[in-house]
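Letter by letter, the chains look like this.
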Amino acid sequence: MYRRWIKNIYSRGNSRGRVDVLAIVFKGKKVYRYAFNKYCSGNKLARSFNSWTTHAEMSVLQDFDADDMSIVIYREDFYGNPMLAKPCIACERIINDSRIKKVIYSIPNIPYFVEELR
């Protein structure tokens, strides 16, 4: 069910030519909200020492109660292969606080993912 949405949204949003993390919140079979990592930097090199990042999970779960919803976290390399997208500790806390019922994230070498936290 998630594969079609992931590829569609990821290809639309990842036109900047770099690896980004995508988080999608599903309510039933419908996409409720999605977001990518957001980078801000004082210089031209993103992810440098002077830059900051807002994680996709934090962006997508901001300002609403996600009770009885699922979240899919996906990331791929420049060749289209899935990469590890397990949430960090801070994002796991936010996911737990938002009462998401199911967490799915991509893992390397397996087409389209999946590993579940719950």
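Please read all numbers here as calculations on a predicted model, not as lab measurements.

> Would you mind going over the pairing of strand β6 (residues 102-105) in detail, with residue names and values included?
Relative to β6, strand β5 (residues 70-75) runs parallel, the two being bridged by 4 bridges. By the bridge assignment, Val72 is partnered in β6 with Ile104.

> Any details on the pairing of strand β1 (residues 21-27)? Residues and values, ideally.
Most of β1 is tucked away, with 6 of its 7 residues classed as buried. Both β1 and β5 contribute to a ladder of 6 bridges, which runs antiparallel. Note on β5: the bridge partner recorded for Leu22 is Tyr74. Relative to strand β2 (residues 30-36), β1 runs antiparallel, the two being bridged by 6 bridges.

> Mind laying out the environment of Phe36, listing which residues take part and the relevant values?
Tracing the sequence through the fold places Phe36 in strand β2. For the pair Phe36 and Tyr10, spaced 26 residues apart in sequence, the C-alpha to C-alpha distance is 8.7 Å.

> Account for the nonpolar core, naming residues and giving values.
One finds Val25, Val60, Leu61, Ile71, Ile73 and Ile100 to be the most contacted residues of the largest nonpolar core, which totals 18 residues. Of all the secondary-structure elements, those providing two or more residues to this core are β1, α2 (56-60), β5 and β6. With 3 residues, the single largest contributor to this core is β1. Apart from the residues lying within four places of it in its own chain, the contact partners of Ile71 are Ala23, Ile24, Val25, Val60, Leu61, Ile100, Lys102, Val103 and Ile104. Formed by 11 residues, the second largest nonpolar core is a distinct cluster that contains Tyr2, Leu22, Phe36 and Val72.

Rules behind the numbers
- Residues numbered from 1 in each chain as written.
- Predicted model: local features only at pLDDT ≥ 70, side-chain atom pairs only at ≥ 80, totals over all residues.
- Heavy atoms only, no water.
- Pairing = 2+ DSSP bridges.
- Helix = DSSP H or I, 4+ residues; strand = E, 2+ residues; numbered from the N terminus.
- Buried < 20%, exposed > 50% of the residue type's maximum accessible area, 1.4 Å probe, protein only.
- Core = buried A, V, L, I, M, F, W, Y, C linked by side-chain atoms within 4.5 Å.
- Contact = heavy atoms within 4.5 Å.

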